[in-house]
Amino acid sequence: GKRSGRNVVVPFDPDMLGDERHRRFVERELRAALLLDELELYYQPVFDADRKVRSHEALVRWRHRVRGIISPAQFIAIAEESDLIDKVGEWVVRRACIDLPQLGTPVAVNVSPAQLRHADFAPRFAALLAQSNTDPASIIVEITETVPLQARGIELANVDALRALGVRIAIDDFGAGHASLQYLRSFSFDVIKIDRTYVSNLGDSRIDAIIVSAICDIARSLPVDVVAEGIETEEQFALLREAGCTRFQGFLLGRPRPLDELHVASAA
Ligand code: C2E
Ligand code: MG
Ligand code: MG
Ligand code: MG
């Protein structure tokens, strides 16, 4: 940070997320980042059992002018404490809509539960799609399950409004939070994404294998698609196919990459 000689004095360090000074620093830097256009989207492919790419997930990156690439783990939680998450979220949707034709598949965007607390979230989302003539059916909204949604509250009204528009809804990190089953009964959705922690021990942990099978059974009965995230080995991929997963995502099959480094159909 010395090189810049300006206000970049505190390192971006996830261990400092609880630190008030660090939080305010990241907030200020992130506001500048939006003006300086320092955010980027990486895309990670999602495959079917035959290794055919079916969709891409947009994952935000911050290319800081001094610090280089900063992962969302280091700034999303801080953005969620203010209106910054709405600004980041809007930027992500805009960018994903621009990239969509080149991706050649539906695209998933991550939406923070904090964004869903605004009564006008769904109409604003609809307006963003309309501005770029984007078909809502080609958009998937991933909502993380780790934060409880208020039953019958504004959050659920927004989810319903998005679905009415034709946007698909995925429950992200399913099983990681405290209210997985509550989520299933409280709102309608189209995709379940099994949290990576269940996938990583699949070969060794009998209980994780049982849980994954049970989630797949629920998904099949509804029926909704079930994505396994964080697949790193062929063994995990095979076990997940046996368990009844329908979609697959992970470093084994494809890492998140900038659009121009993806091998998409349109590049052929
Ligand atoms: P997520 O939505 O559950 O995304 C999956 C994360 O797992 C990504 O981390 C991805 O790079 C990583 N991943 C994918 N495959 C593997 C694998 O095989 N092994 C391992 N170890 N990791 C894998 P990333 O990009 O750092 O994102 C972290 C989280 O930040 C995301 O988790 C999501 O909750 C949040 N996030 C990312 N982009 C956005 C965004 O635009 N808006 C919001 N609100 N949150 C975002
Ligand atoms: Mg996600
Ligand atoms: Mg996830
Ligand atoms: Mg996750």
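Scroll up for the structure.
Residues numbered from 1 in each chain as written. Chains lettered and ligands numbered in written order. Predicted model: local features only at pLDDT ≥ 70, side-chain atom pairs only at ≥ 80, totals over all residues. Heavy atoms only, no water.

*Asks:* Could you give an account of the coordination of the magnesium ion (ligand 4), naming the residues involved and the relevant values?
*Replies:* Protein coordination of the magnesium ion (ligand 4) is provided by Asp-173 (OD) and Glu-229 (OE), with donor distances spanning 2.1 to 2.6 Å. A gap of 3.0 Å separates the magnesium ion (ligand 4) and the magnesium ion (ligand 3), which Asp-173 links by coordinating each metal. Within this pair, whereas Asp-173 is found in strand S6 (residues 168-174), its partner Glu-229 is found in the loop between strand S8 (225-228) and helix H9 (234-243), the two being separated by 56 residues in sequence. Given a relative accessible area of 19%, Asp-173 falls into the buried group. Overall, Glu-229 belongs to the buried group, its relative accessible area being 10%. (Donors = N, O, S within 2.8 Å, 3.2 Å for Na, K, Ca; no water. Helix = DSSP H or I, 4+ residues; strand = E, 2+ residues; numbered from the N terminus. Buried < 20%, exposed > 50% of the residue type's maximum accessible area, 1.4 Å probe, protein only.)

*Asks:* Tell me about the packing of helix H3 (residues 84-103) against helix H4 (residues 121-131), residues and numbers included.
*Replies:* It is at 9 Å that the axes of H3 and H4 come closest, and there the two elements cross at 30°. Taken together, the axes of H3 and H4 lie roughly parallel to each other. For the element pair H3 and H4, the recorded crossing hand is right-handed. In this structure, H3 uses Asp-86, Glu-90, Val-93, Arg-94 and Cys-97 to contact H4, whose residues at the interface are Arg-124, Phe-125, Leu-128, Leu-129 and Gln-131. Looking at the contact of H3 with H4, its residues break down into 5 nonpolar, 1 polar and 4 charged. (Axes fitted to C-alpha atoms, helices over the stretch in contact; angles between N-to-C directions. Parallel < 35°, antiparallel > 145°, perpendicular 65-115°, else oblique. Left-handed = near helix turned anticlockwise from the far one by under 90°. Contact = heavy atoms within 4.5 Å. Nonpolar A, V, L, I, M, F, W, Y, C, P; charged D, E, K, R; others polar.)

*Asks:* Run through helix H1 (residues 20-36), naming residues and quoting values.
*Replies:* An ideal rise of 1.5 Å per residue puts 24 Å on 17 residues; H1 measures up with 24 Å between its terminal C-alpha atoms. Those residues of H1 that fall on the buried side of the exposure criterion are His-22, Arg-23, Phe-25, Val-26, Glu-27, Glu-29, Leu-30 and Ala-33. Of the surrounding secondary structure, the elements contacted by the buried residues of H1 are strand S1 (39-47), strand S2 (53-64), helix H2 (76-79) and H3. The residue sitting at the N-terminus of H1 and contributing the capping side-chain oxygen is Asp-19; that oxygen lies 3.1 Å from the backbone nitrogen of Arg-21. (Expected span 1.5 Å × (residues − 1). Polar contact = N/O pair within 3.5 Å; in protein donor to acceptor, adjacent residues only side chain to side chain.)

*Asks:* Can you lay out the pairing of S2 for me, pointing to particular residues and giving the numbers?
*Replies:* By the criterion of burial, S2 is predominantly enclosed, with 9 of the 12 residues buried. Inspection of the sheet shows S1 paired to S2 by 9 bridges, in the antiparallel sense. By the bridge assignment for S2, Gln-44 is matched with Glu-57. The antiparallel hairpin formed by S1 and S2 contains 5 residues in its connecting segment, where Arg-51 sits at a positive phi of about 65°. Of the strand pairs in this sheet, S2 and strand S4 (residues 107-111) are connected by 2 bridges, and their pairing is parallel. Residue pairing for S4: His-56 is matched across the bridge by Val-107. Direction of pairing for S2 relative to strand S3 (residues 68-70): antiparallel, over a ladder of 3 bridges. (Pairing = 2+ DSSP bridges.)

*Asks:* Residue-level account of empty space enclosed by the protein, with values.
*Replies:* What the rule picks out here adds up to 1 cavity of 30 Å³ or more. Taken as a whole, the largest cavity spans an internal volume of roughly 60 Å³. Listing elements by their share of the lining of the largest cavity, those giving two or more residues are H3 and H4. Partitioning the lining of the largest cavity into residue classes produces 4 nonpolar, 2 polar and 3 charged. (1 Å grid on protein atoms, 1.4 Å probe; cavity = no way out; pocket = protein on both sides within 12 Å on 5 of 7 lines; lining within 4 Å. Points joined across faces, edges and corners; volume = space filled by probe spheres on them.)

*Asks:* How would you summarise the coordination of the magnesium ion (ligand 3) if you had to cite specific residues and measurements?
*Replies:* The coordination sphere of the magnesium ion (ligand 3), as far as protein atoms go, consists of Asp-172 (OD), Asp-173 (OD) and Glu-229 (OE), spread over 1.9 to 2.6 Å. Between consecutive donors of the magnesium ion (ligand 3), the numbers of intervening residues give the motif D-D-x55-E. Taken as an interatomic distance, the gap from the magnesium ion (ligand 3) to the magnesium ion (ligand 2) is 3.7 Å; Asp-172 donates to each of them.

*Asks:* Kindly report on the pattern of salt bridges, identifying the contributing residues and their values.
*Replies:* Inspection of the entire model under this criterion finds 22 salt bridges. Across the pair Arg-31 and Asp-83 runs a salt bridge, and its minimum N-O distance is 3.1 Å. Within this pair, whereas Arg-31 is found in helix H1, its partner Asp-83 is found in the loop between H2 and H3, the two being separated by 52 residues in sequence. Classification of Arg-31 as partly exposed rests on a relative accessible area of 34%. Residues participating in the shared-partner salt-bridge network are Glu-20, Arg-23, Arg-24, Glu-27, Arg-31, Glu-81, Asp-83 and Lys-87. (Salt bridge = Lys/Arg side-chain N within 4 Å of Asp/Glu carboxyl O.)

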